[in-house]
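In case you want the letters, here they are:
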Amino acid sequence: MLLFDDLFLKEHTIVSTGYTEVAEISASTEVMFNKWLLSGRVGNLKYLNDKTRSYTLKNIKNYFPEFQSALVFLFSYRKFKVVYDNFFLKKKNKVNIASFALAFEGYDYHIYLKSKLQMLAFNLIDRGYLSSKCEYKISLDASPVMEKDLAYRAGLGFFGKNSLLINPQHGSYVIIGTLLLSEKINDCNNKNKKQSKDCGDCRLCIDACPVRAIDVDNNKLIDARKCISALTIEKTVITKKITAEAIAGNDSSIFGCEICQQVCPYNHNKIDVETDFNFYYNKYPKIKLITDWFLNEDSKKNIDKLQNLSVREFKKIFKDTSFERVGKEGVIRNLRRHHFDYL
Ligand code: B12
Ligand code: SF4
Ligand code: SF4
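Residues numbered from 1 in each chain as written. Chains lettered and ligands numbered in written order. Predicted model: local features only at pLDDT ≥ 70, side-chain atom pairs only at ≥ 80, totals over all residues.

A. Here's a closer look at the overall build of the protein chain. When helices and strands are counted, the protein chain shows 17 helices and eight strands. Here the protein chain holds 343 residues, and 41% of them are scored as buried. (Helix = DSSP H or I, 4+ residues; strand = E, 2+ residues; numbered from the N terminus. Buried ≥ 20, exposed ≤ 12 C-beta atoms within 10 Å, placed from the backbone.)

B. Region of the structure containing unusual backbone geometry. Positive phi is not limited to glycine here, since S163 has a value of about 80°. Mapped onto the secondary structure, S163 falls in the loop between β5 (158–159) and β6 (165–166). According to the C-beta neighbour criterion, S163 is buried, with 20 such atoms within 10 Å. Look at D320: it is not a glycine, yet its phi comes out positive at around 65°. Assignment of secondary structure puts D320 in the loop between α15 (311–317) and α16 (322–326).

C. Layout of the site of ligand 3. Within the structure, ligand 3 sits among G160, K161, N162, C199, C202, R203, L204, C205, V263, C264, P265 and Y266. For the shell around ligand 3, the residue count by class is eight nonpolar, two polar and two charged. A domain split of the shell around ligand 3 shows at least three residues from each of domain 1 (2–79 + 107–181) and domain 2 (204–342). (Near = placed C-beta within 6 Å. Nonpolar A, V, L, I, M, F, W, Y, C, P; charged D, E, K, R; others polar. Domains from an automatic or database assignment.)

D. Summary view of the site of ligand 2. In the vicinity of ligand 2, the residues found are N162, C209, V211, A213, I214, I222, C227, I228, S229, C257, I259 and C260. Contributing elements (two or more residues each) for the shell around ligand 2: α9 (228–233) and α11 (259–262). In terms of residue class, the shell around ligand 2 is built from ten nonpolar, two polar and no charged.

E. Up close: helix α2 (residues 27–38). Across its twelve residues, α2 extends 17 Å between first and last C-alpha, which sits within 8% of the 16 Å expected from 1.5 Å per residue. Looking one or two residues beyond α2, the residue adopting positive phi is G40, at roughly 85°. (Expected span 1.5 Å × (residues − 1).)

F. Here's a closer look at the environment of L130. With respect to the helices and strands, the residue L130 is situated in the loop between α6 (109–126) and β4 (136–139). For L130, a count of 23 C-beta atoms within 10 Å gives the class buried. Among all residues touching L130, those that are not within four sequence positions of it are L124, I125, L181 and E183. (Contact = placed C-beta atoms within 7 Å.)

G. Region of the structure containing the packing of helix α14 (residues 299–307) against helix α17 (residues 328–336). At a minimum axis distance of 10 Å, the contact between α14 and α17 shows a crossing angle of 160°. One way to sum up the angle between α14 and α17 is to call them roughly antiparallel. With respect to the hand of their crossing, α14 and α17 are arranged in left-handed fashion. Contacts between α14 and α17 pair S299, N302, I303, L306 and Q307 from the former with K328, V331, I332, L335 and R336 from the latter. Taken together, the residues of the contact of α14 with α17 sort by class into five nonpolar, three polar and two charged. (Axes fitted to C-alpha atoms, helices over the stretch in contact; angles between N-to-C directions. Parallel < 35°, antiparallel > 145°, perpendicular 65-115°, else oblique. Left-handed = near helix turned anticlockwise from the far one by under 90°.)

H. Structural view of α6. Spanning 18 residues, α6 covers 25 Å between terminal C-alpha atoms, matching the ideal 26 Å at 1.5 Å per step. Those residues of α6 that sit buried are Y109, L113, K116, L117, L120 and L124. For α6, the angular spread of the buried residues around the axis is 100°, confining them to a single face. What points out from α6, more than 90 degrees from its buried face, is the exposed set S115, F122 and D126. Buried residues along α6 sit in contact with β2 (69–76), α5 (100–103), β4 and β7 (174–181). G128 sits one or two positions beyond α6 and adopts a positive phi of about 85°. (Arc of directions from axis to C-beta.)

I. Quick peek at the pairing of strand β1 (residues 14–20). Across the seven residues that make up β1, a large majority, seven, are buried. Note that β1 and β2 share six bridges and pair antiparallel. Pairing of G18 across the sheet is with V72, part of β2. (Pairing = 2+ DSSP bridges.)

J. Looking closely at the sheet that holds β7. One open sheet accounts for four strands, arranged β1-β2-β7-β4; its pairing is antiparallel. Each having just a single partner strand, β1 and β4 make up the two edges of the open sheet. In this sheet, adjacent strand axes meet at a mean angle of 15° when their direction is disregarded. As paired elements, β2 and β7 share eight bridges and run antiparallel to each other. Each bridged residue has a counterpart across the sheet, and for L71 the counterpart in β7 is L179.

Below, the structure is given as structure tokens:
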């Protein structure tokens, strides 16, 4: 449609866009969310286990009263993931990093994609799709909005058993970024597309998860007390002490986890990648920085190097990367997961 053709979406790595005017979360999401909280699977993600938050999450209008519609964008990092995996397979030092930490030129996606969404909002106003009076909010992971459900309402995918939003064509290696708008867009023909696909009998992600964090009976619910992603990324979860759960994975990750996506058939559509990892490594200083520190260097040496840095020095070196978010102590703790003899 014209609106989307007009926004240079490919330049922003956006592979799909949806639109919805529905502010309220789907009934099944509400049921599942309450089940998740009551069963304790929320773990130490304390900010989600809060009555005010639950109320806000139910309806976008509780957070943004002017809400009239949402434009939801899927920012894909699938191509980069293929390039990264080719590089990673050849490495001897098998410390791994979830590819999204490198995919956006090595920037923390919260920073990188926020500026893209900001630019899209300016374009929409500039080209007259939105009036200059339109108020908008960017929702990108951190807002009290159930973003997978919102993307589902906007017709962008279905819920996989790994709980992630899967776009039938582009898979799940996507970040969901949204513009919440105080106006409707009249000629938006992407409204309420239904996604008829689902996982069927497949259970590859359930079997592949090294810590059994995907509930077998209530699949689509993740146990954040066990999930390696939570244990290596979330500040409220990472403690100085390495917990039994963090050890149990016996995986190689020092940031995030992509195992339940790697096995997913929806991420296996053939795609062509013309470039290799060196292209990104040489072009983007933050990719070089993270690669040299963590992928090209021995973890034991890294622990020593990091311990000798002040918090301020750490922040300066890793500024605007995902590692800055995890913090110095968090990164050291994650590296130690792989070197128990070193404690
Ligand atoms: C908390 C959180 C986490 C937690 C908990 C994850 C979880 N699955 O619950 C932890 C730290 C473990 C985590 C990990 C990851 N996360 Co996270 N996370 C979030 C966050 C902030 C909130 C999610 C939440 O509310 N969870 C609570 C559960 C109970 O709700 P839910 O996940 O929405 O699930 C609901 C649906 O599945 C629904 N449902 C189930 N079946 C059905 C059927 C129908 C018909 C319907 C309508 C609904 C429905 O019910 C569920 C309960 O409400 C969102 C951003 C946001 N604001 O939404 C990102 C988000 C979900 N994370 C994201 C990413 C990328 C990841 C990781 C891949 C990062 C990584 N590589 O390490 C992993 C993946 C782990 C996994 N398998 O889920 C992306 C997911 C993109 C996508 N394709 O779906 C999001 C959307 C951020 C973003 N803006 O892109 N994350
Ligand atoms: S992200 Fe990793 S640990 Fe978490 S559910 Fe998926 S495979 Fe399991
Ligand atoms: S691996 Fe299979 S069960 Fe898991 S999300 Fe993908 S299609 Fe669904």
